[in-house]
Amino acid sequence: MMAIRKDGSAVQLFGSKERCMFNQRKKPAKLTWTQAWRRLNKKATDQMRAKKRTRRAVKIQRAIVGMNLDEIKKKKNQTKEIRDAARKLALKEIKDRKKKGRNGK
């Protein structure tokens, strides 16, 4: 049987005992034979529910535009000195190009 509360929510009643208690406006959490009472008092939760399995996040490296995965791994494994030397070399090339541009004009 379905009963509708004043707030509009539907309640399913499976037997006359439940219907009588609902009509008397008894709170289900105060009746020891109801699921609401068992949930409130933490009874038999371990038997009713299996342990929830958690998934571990697996990190995956992917290639990005302009660089494949091997190049990314090489850069990651480089030491700081190699990176600094490459940066200095790149800056030197840029400065040389600017200098050449100024001298050409």
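Just above sits the structure.
First, a word on what this report is: a plain description of the structure on this page. Everything numeric here is computed off the predicted structure, so don't read it as measured data. (Residues numbered from 1 in each chain as written. Predicted model: local features only at pLDDT ≥ 70, side-chain atom pairs only at ≥ 80, totals over all residues. Heavy atoms only, no water.)

Here we look at the overall build of the chain
Reasoning step 1: Looking only at helices and strands, one finds five helices and two strands in the chain.
Reasoning step 2: Helices and strands in the chain line up, N terminus first, as β-β-α-α-α-α-α.
Reasoning step 3: In terms of overall dimensions, the chain is more spread out than a globule: its C-alpha atoms have a radius of gyration of 36 Å, far above the 13 Å expected for 105 residues.
Reasoning step 4: Nonlocal contacts in the chain, meaning residues at least 24 apart in sequence, comprise 0% of its contacts between residues at least 6 apart.
Reasoning step 5: For the chain, the accessible area works out to roughly 10900 Å², and carbon and sulfur atoms hold 53% of it.
Reasoning step 6: Charged side chains of the chain number 36 positive and 9 negative; the gap between the two group centres comes to 10 Å. (Helix = DSSP H or I, 4+ residues; strand = E, 2+ residues; numbered from the N terminus. Rg over C-alpha atoms; globule rule 2.2 N^0.38 Å. Contact = heavy atoms within 4.5 Å. Areas by Shrake-Rupley, 256 points an atom, 1.4 Å probe, with all protein chains shown as cover. Lys, Arg positive; Asp, Glu negative; His and termini not counted. Charge placed at Lys NZ, Arg CZ, Asp CG, Glu CD.)

A word on the pattern of salt bridges
Reasoning step 1: Overall, the coordinates contain one salt bridge when judged by the stated rule.
Reasoning step 2: Here Asp 84 and Arg 87 are joined by a salt bridge, their closest N and O atoms 3.0 Å apart. Separated by three residues within a single helix, Asp 84 and Arg 87 lie in helix H5 (residues 80-104), roughly one turn from each other.
Reasoning step 3: Its relative accessible area of 27% is what places Asp 84 among the partly exposed residues. (Salt bridge = Lys/Arg side-chain N within 4 Å of Asp/Glu carboxyl O. Buried < 20%, exposed > 50% of the residue type's maximum accessible area, 1.4 Å probe, protein only.)

Here's the deal with the layout of surface pockets
Reasoning step 1: One number sums up the size of the largest pocket: a volume of about 410 Å³.
Reasoning step 2: Forming the boundary of the largest pocket are 18 residues, of which Val 11, Leu 13, Glu 18, Pro 28 and Thr 34 lie nearest the centre.
Reasoning step 3: Mapped by element, the contributors of at least two residues to the lining of the largest pocket are strand E2 (10-12), helix H1 (16-23) and helix H2 (35-40).
Reasoning step 4: Of the residues in the lining of the largest pocket, the class split is nine nonpolar, three polar and six charged. (1 Å grid on protein atoms, 1.4 Å probe; cavity = no way out; pocket = protein on both sides within 12 Å on 5 of 7 lines; lining within 4 Å. Points joined across faces, edges and corners; volume = space filled by probe spheres on them. Nonpolar A, V, L, I, M, F, W, Y, C, P; charged D, E, K, R; others polar.)

Some remarks on unusual backbone geometry
Apart from glycine, the bulk of residues carry a negative phi angle, and the bulk of peptide bonds sit in the trans form.
Reasoning step 1: Here the phi dihedral of Arg 25 falls at roughly 60°; this positive angle occurs in a residue that is not glycine.
Reasoning step 2: Take Arg 25: its relative accessible area is 66%, and that puts it in the exposed class.
Reasoning step 3: Backbone geometry at Lys 42 places phi at a positive 55°, although glycine is not the residue there.
Reasoning step 4: Within the secondary structure, Lys 42 is located in the loop between H2 and helix H3 (45-48).

Looking at the packing of aromatic side chains
Reasoning step 1: Scanning the model with the defined rule gives zero aromatic pairs in all.
Reasoning step 2: Over the ring of Trp 33 we find Lys 17, and its NZ or CZ is 4.2 Å from the ring centre. (Phe/Tyr/Trp six-rings, centres within 6.5 Å; stacked < 30°, edge-to-face > 60°. Lys NZ or Arg CZ within 6 Å of the ring centre and 35° of its normal.)

Quick word on the side chain of Thr 34
Reasoning step 1: Of note, Thr 34 is situated in the loop between H1 and H2.
Reasoning step 2: Since its relative accessible area comes to 12%, Thr 34 is described here as buried.
Reasoning step 3: At 2.5 Å, the side chain of Thr 34 and the backbone oxygen of Pro 28 are in polar contact.
Reasoning step 4: Among all residues touching Thr 34, those that are not within four sequence positions of it are Pro 28 and Ala 29. (Polar contact = N/O pair within 3.5 Å; in protein donor to acceptor, adjacent residues only side chain to side chain.)

Don't take any of this as a statement about function, it's just geometry.
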